[in-house]
Amino acid sequence: MALPEFSMRQLLEAGVHYGHQTARWNPRMGEYIYGDRNGIHILDLTQTVPMLDAALKVVRDTVAKGGRILFVGTKRQAQKPVAEAAEKCAQYYMNHRWLGGTLTNWKTISNSILRLKQIDEQLASGAEGLTKKERLGMERDQAKLQASLGGIREMGGTPDLLFIIDVGKEDLAILEAQKLGIPVVAVVDTNCSPKGVDYVIPGNDDAARAIALYCDLVARAALDGMSAQMGAAGVDLGALEAAPEEEAVEA
């Protein structure tokens, strides 16, 4: 495997170059703006291409060293692609609502994850001895905790890198990452500030196609890092895929 490739044409087709209305721009993004068309800022994709490439390299290298990536995208159009991309590459995600203290107060978050796992176990075993009302209350708690913490329940500690869609909406996540020195890769639109972002990807953060493209590329970069990590550990991915069949034959 290799770092995922993408073309300028793909970025154009996904609408990555479309910023916000010129009246809503953030001057800190001025250096990444090519011009404007019909009152909309147009991002300079000749800068986005190498910056996106650098961000993907950081993702791959982090996973290759055994690091954990946390995908963050809680706006409606980012929720599904963020969860699917993180699951595809065995990483973690928050797509419901950023819980204050997710990074800076991991101990409290860990207790909530433990509670979720206990509820799961109790309900899976039939929730014996509970009244109907108690069971309903438990199911409600389970749904609430699953929505908030389901994507990080197996993370086991703070992540090594954050990948964020829409820095304006996820400003709390960036502040917490800054406090702990966790690097941030983020898509930054023309109406946002790149402050606190270590690896800026200048691009549209609203279009569904653009979000899907970023998530797919980051997931593929993480998978490449995973195969590099396994290769370094002497694990043959091809042999892994063939192993279950061999066992079946012996049985």
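The structure presented is a predicted model; accordingly, all values stated were derived computationally and were not measured. (Residues numbered from 1 in each chain as written. Predicted model: local features only at pLDDT ≥ 70, side-chain atom pairs only at ≥ 80, totals over all residues. Heavy atoms only, no water.)

(A) Layout of the nonpolar core. Within the largest apolar cluster, 38 residues are counted, with the highest numbers of intra-cluster contacts made by V16, L56, F71, F163, I165, I201 and Y214. For this core, the secondary structure elements donating two or more residues are α2 (45-64), β4 (69-72), α3 (76-88), β6 (161-165), β7 (184-188) and α7 (208-232). Sorting elements by how many residues they give to this core places α7 first, with 11 residues. Counting residues in each nonpolar core, the second largest holds 35 residues, with M29, M155, I174 and I182 among its members. (Core = buried A, V, L, I, M, F, W, Y, C linked by side-chain atoms within 4.5 Å. Buried < 20%, exposed > 50% of the residue type's maximum accessible area, 1.4 Å probe, protein only. Helix = DSSP H or I, 4+ residues; strand = E, 2+ residues; numbered from the N terminus.)

(B) Representation of the environment of T104. Looking at the element boundaries, T104 is found in the loop between β5 (92-94) and α4 (106-124). Not counting residues within four places of it along the chain, the set of residues in contact with T104 comprises E176, K179 and L180. (Contact = heavy atoms within 4.5 Å.)

(C) Looking closely at the sheet that holds strand β8 (residues 199-202). As summarised here, the arrangement of the 5 strands in space is β5-β4-β6-β7-β8, forming an open sheet in which the pairing is parallel. The strands lining the two open edges of the sheet, one partner per strand, are β5 and β8. The mean inter-strand angle of the sheet, taken between neighbouring strand axes irrespective of direction, is 20 degrees. Bridge count between β6 and β7: 4 bridges; the pairing is parallel. Among the inter-strand pairings, F163 is bridged to a residue of β7, identified as V185. This element, α2, spans β4, β6, β7 and β8 of the sheet and lies at about 140 degrees to β8. Sitting on the sheet, α3 is in contact with β4, β5 and β6, with an inclination near 165 degrees to β5. (Pairing = 2+ DSSP bridges. Axes fitted to C-alpha atoms, helices over the stretch in contact; angles between N-to-C directions.)

(D) Representation of unusual backbone geometry in the model. Positive phi, close to 55 degrees, is recorded for A90, a residue that is not glycine. Mapped onto the fold, A90 is located in the loop between α3 and β5. For A90, a relative accessible area of 48% puts it in the partly exposed group. Positive phi, close to 75 degrees, is recorded for D166, a residue that is not glycine. Position of D166 among the secondary structure elements: in the loop between β6 and α6 (171-180). Its relative accessible area of 11% is what places D166 among the buried residues.

(E) Examining the packing of aromatic side chains more closely. Summed over all chains, the structure comprises 1 aromatic pair. Taking 5.5 Å as the distance between ring centres and 80 degrees as the angle between the ring planes, the aromatic pair formed by F71 and F163 counts as edge-to-face. Highlighted residues: F71 in strand β4 and F163 in strand β6, separated in sequence by 92 residues. F163 shares its class with F71; the two are buried. (Phe/Tyr/Trp six-rings, centres within 6.5 Å; stacked < 30°, edge-to-face > 60°.)

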